[in-house]
Amino acid sequence: MQGTLSVWLAKRGLVHRSLGFDYQGIETLQIKPEDWHSIAVILYVYGYNYLRSQCAYDVAPGGLLASVYHLTRIEYGVNQAEEVCIKVFTHRSNPRIPSVFWVWKSTDFQERESYDMLGITYDSHPRLKRILMPESWIGWPLRKDYIAPNFYEIQDAF
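Residues numbered from 1 in each chain as written. Predicted model: local features only at pLDDT ≥ 70, side-chain atom pairs only at ≥ 80, totals over all residues. Heavy atoms only, no water.

Chemist: Is there a simple way to explain the overall build of the protein in this structure?
Modeler: Along the protein, the regular secondary structure elements total three helices and seven strands. Secondary structure elements of the protein, listed N to C terminal, follow the sequence α-β-β-α-β-β-β-β-α-β. With the C-alpha coordinates aligned to their principal axes, the bounding extent of the protein is approximately 60 × 35 × 25 Å. Within the protein, buried positions represent 39% of all 158 residues. Here the protein displays about 9,500 Å² of accessible surface, and carbon together with sulfur accounts for 55% of that area. One way to put it: in the protein the 16 positive side-chain charges average out to a point 5 Å from where the 17 negative ones average out. (Helix = DSSP H or I, 4+ residues; strand = E, 2+ residues; numbered from the N terminus. Buried < 20%, exposed > 50% of the residue type's maximum accessible area, 1.4 Å probe, protein only. Areas by Shrake-Rupley, 256 points an atom, 1.4 Å probe, with all protein chains shown as cover. Lys, Arg positive; Asp, Glu negative; His and termini not counted. Charge placed at Lys NZ, Arg CZ, Asp CG, Glu CD.)

Chemist: Teacher, can you tell me more about the sheet that holds strand 5 (residues 82-91) here?
Modeler: To summarise the sheet geometry, strands pair through backbone hydrogen bonds and adopt either a parallel or an antiparallel arrangement. The mixed open sheet is built from five strands, whose spatial order is 1-2-5-4-3. Because the sheet does not close on itself, it has two edges, and the strands there are strand 1 (17-21) and strand 3 (50-58). Each strand of the sheet is rotated relative to its neighbour by a mean of 20 degrees, with strand direction disregarded. The pairing of strand 4 (residues 64-73) with strand 5 spans 10 bridges and is antiparallel. Within strand 5, the residue paired with leucine 64 across the bridge is histidine 91. Set on the sheet, helix 1 (residues 4-11) makes contact with strand 1, strand 2 (27-30) and strand 5; between it and strand 2 the angle comes to about 35 degrees. (Pairing = 2+ DSSP bridges. Axes fitted to C-alpha atoms, helices over the stretch in contact; angles between N-to-C directions. Contact = heavy atoms within 4.5 Å.)

Chemist: Could you clarify how one ought to interpret the packing of aromatic side chains in this entry?
Modeler: The geometry of an aromatic ring pair is captured by two quantities: the separation of the ring centres and the angle between the planes. Applying the stated criterion across every chain, the model contains seven aromatic pairs. Summarising the aromatic geometry, the rings of tryptophan 36 and tryptophan 104 are spaced 6.4 Å apart at their centres and angled 25 degrees between planes, so their arrangement reads as stacked. One end of the pair, tryptophan 36, is in helix 2 (residues 33-46); the other, tryptophan 104, is in the loop between strand 6 (96-98) and helix 3 (108-118), with 68 residues separating them in the sequence. In this structure tryptophan 36 comes out as buried when scored by relative accessible area, which is 0%. Put simply, the rings of Trp36, Tyr44, Tyr69 and Trp104 touch in pairs and so form one group of aromatic residues. (Phe/Tyr/Trp six-rings, centres within 6.5 Å; stacked < 30°, edge-to-face > 60°.)

Chemist: Explanation requested: the environment of methionine 1 in the structure shown.
Modeler: By the secondary structure assignment, methionine 1 is in the segment before helix 1. What makes methionine 1 exposed here is its relative accessible area of 81%. With 28 residues separating them in the primary sequence, methionine 1 and leucine 29 have C-alpha atoms 11 Å apart. Residues contacting methionine 1, with those up to four places away along its chain left out, are Ser18, Gly20 and Phe21.

Chemist: Which parts of the structure should I look at to understand the pairing of strand 1?
Modeler: Every regular strand shows the same layout, with side chains that alternate between the two sheet faces. Sheet analysis places strand 1 next to strand 2, joined by three bridges and oriented antiparallel. The residue bridging arginine 17 from the neighbouring strand is glutamine 30, located in strand 2. Counting the residues in the hairpin turn of strand 1 and strand 2 gives five residues, including glycine 25, whose phi is positive at 85 degrees.

Chemist: Looking at this structure, I do not really get the side chain of serine 67. What am I missing?
Modeler: Its location among the elements puts serine 67 in strand 4. A distance of 3.3 Å separates a polar atom in the side chain of serine 67 from a polar atom in the side chain of tyrosine 69. Discounting chain neighbours no more than four positions away, the residues touching serine 67 are Gln54, Cys55, Ala56, Ile86, Lys87, Val88, Ile97 and Tyr122. (Polar contact = N/O pair within 3.5 Å; in protein donor to acceptor, adjacent residues only side chain to side chain.)

Chemist: How do you make sense of helix 3 when you look at a structure like this?
Modeler: Along an α-helix, residues three or four positions apart point the same way, because every turn accommodates 3.6 residues. Counted residue by residue, helix 3 has eight buried out of 11 residues, so it is predominantly covered. Residues of helix 3 that are buried in the fold lie against strand 3, strand 4 and strand 7 (121-123). One or two residues past the end of helix 3 sits glycine 119, with phi positive at roughly 80 degrees.

As structure tokens, this is what we get:
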């Protein structure tokens, strides 16, 4: 089932895949990494000028990584806001997605956190470096196949 945004994108020949609707009725679309930056600019011009959140997750051990963007369009007032969820999947062997920092500045720390925890490289991000883990940390802690190096659990001292 396609939503209104999916139909609008299809009429303009913009490549995407409809993933249906979530439990709140928010349309979810899948965009290829190579198409993401241009579609992000188009969505911004179309009125989705508020990035509510960006996050990332590991789909399955050894599988794909996903970067998720929740966008909001407020055209007729706050009570009639339109929302859309965009998912961009990438291979874990070379996880690269174009950064949308220059479209929505609020994605700065959010893309950095996704890089820090999952190792997704956001191309053209101006300050892509670790934000939560020390610079010397090895690996990506939120990947499902991550094994902490030299991890020893401290037992209760009682």
